[in-house]
Amino acid sequence: MDYRIFYIQDPATGAADDARLRGCLRSLTIAMACICLVLPAQLRADGAVGEHVNDLSGHLEEYAGEVEWLLTNVGAMVTTYAAEGAAAAKPERVVDFWEEVKFHSAIESNYVPLYASIWQGLFAVRGAIEEGQPEADVRSALAQLEQTLWEALGAVKMASQFQDQGLLQAVATREAITPTATLIEIKQRLDRILAKYAEQLSDEAIKLVQEAYLTRFEGVEGALIEQDAELVEVLEIDFNVTLPKAIQDGASIDDVRGIIVDMQAKLDKARVLLKEAERNRSSVF
């Protein structure tokens with residue numbers, strides 16, 4: 001297998017980047033695991049995913065360009081923060097940047113752990129700016145995000161090879177039975193996550209968090225965004241940053257329970273919004 005597909009040059013100078021090369025080499029090991037993880041993730045996916053994920057090889061250059069674009073924009077945000085402060089930097093835009101690129105669904109569909117790591121990296125930069133941390137700390141968070149993004153691109157490139165060899169099934173999407181029923185199921189899964197964490201099965205708990213987000217919550221996001229886009233964003237942060245980070249950091253059971261109870265309350269609010277929207281539609285017709 002020719003591993004030269006990995007991006008190992010500095011885009012500005014064309015020179016080899018040792019740090020990035022090390023990251024890409026690590027991604028070889030990471031990406032090999034995706035053959036085991038990607039099949040169930042694809043088969044269970046509920047949310048709409050662009051057809052480009054079924055032609056990864058044909059979009060690799062586009063994904064690389066999107067990574068560059070994303071890093072350029074987040075880097076400019078950090079520069080603005082250093083010169084003009086947090087308000088001028090508008091750190092909340094990191095979510096818009098991430099969700100605007102096709103690479104978002106390419107990594108989401110093919111390697112879930114790195115997908116969550118990117119979310120966490122984005123919010124590490126955002127949080128550092130919002131908290132007024134020193135510029136050096138913000139740039140350190142940016143450097144970690146950059147490493148994660150290039151590793152993710154390496155994983156997608158490896159997945160594209162598997163796909164070209166016919167080793168990956170096509171990504172399929174399906175609708176949940178009803179959005180409100182899906183939200184109830186998510187609440188139940190959050191209870192299971194707490195139970196697994198209490199049993200000291202942190203890896204399994206994180207896997208359940210990822211599955212709840214990708215195979216359940218994403219299926220209702222579209223309908224919920226129409227009612228309360230801010231609520232959707234907050235829950236995305238909970239699923240991809242707040243809860244998994246608490247589990248990874250070994251937070252107390254009470255702290256994890258508090259996060260889950262808060263998420264369940266938000267899901268209840270989402271159910272009320274969706275029910276009201278359905279009633280309004282029914283009254284119109």
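Refer to the structure above for everything that follows.
This write-up is about the structure you can find in this document. Quantities reported herein were computed from a predicted structural model and do not represent experimental measurements.

1. Focus: the pattern of salt bridges
Per the counting criterion, the structure on display carries 14 salt bridges. The salt bridge partner of Glu135 is Arg139, with a shortest N-O separation of 2.8 Å. Residue Glu135 and its partner Arg139 are located together in helix α8 (residues 135–164), separated by 4 residues, close to a single helical turn. A salt bridge links Arg216 to Glu185, with the nearest nitrogen and oxygen atoms 2.9 Å apart. Taken together, the positions of Arg216 in helix α10 (residues 202–248) and Glu185 in helix α9 (residues 179–198) put the pair 31 residues apart, joining distant regions of the chain. Glu185 sits in the partly exposed class, given a relative accessible area of 27%. Put simply, Arg126, Glu130 and Glu233 are held in one network by salt bridges that share partners.

2. So, the packing of helix α3 (residues 60–84) against α8
A pair of packed helices is characterised by two quantities: the angle between their axes and the separation of those axes. One can describe the packing of α3 onto α8 by two numbers: an axis separation of 11 Å at closest approach and a directional angle of 175°. What the angle tells us is that α3 and α8 run roughly antiparallel. Residue composition of the contact of α3 with α8, grouped by class: 17 nonpolar, 3 polar and 5 charged.

3. Considerations on the nonpolar core
In globular proteins that are soluble, nonpolar side chains generally tend to be buried together. Judged by nonpolar contacts, the single largest core of 78 residues is most densely connected at Trp98, Phe103, Ile107, Phe217 and Leu243. Within the residue set of this core, elements represented by two or more residues are α3, α5 (93–100), α6 (103–110), α7 (112–130), α8, α9, α10 and α11 (253–284). When residues in this core are grouped by element, the largest group, 19 residues, is from α10. Setting aside its immediate chain neighbours within four residues, Trp98 contacts Leu70, Phe103, His104, Ile107, Tyr115, Ile118, Trp119, Leu122 and Leu149.

Parameters and conventions
- Residues numbered from 1 in each chain as written.
- Predicted model: local features only at pLDDT ≥ 70, side-chain atom pairs only at ≥ 80, totals over all residues.
- Heavy atoms only, no water.
- Salt bridge = Lys/Arg side-chain N within 4 Å of Asp/Glu carboxyl O.
- Helix = DSSP H or I, 4+ residues; strand = E, 2+ residues; numbered from the N terminus.
- Buried < 20%, exposed > 50% of the residue type's maximum accessible area, 1.4 Å probe, protein only.
- Axes fitted to C-alpha atoms, helices over the stretch in contact; angles between N-to-C directions.
- Parallel < 35°, antiparallel > 145°, perpendicular 65-115°, else oblique.
- Nonpolar A, V, L, I, M, F, W, Y, C, P; charged D, E, K, R; others polar.
- Core = buried A, V, L, I, M, F, W, Y, C linked by side-chain atoms within 4.5 Å.
- Contact = heavy atoms within 4.5 Å.

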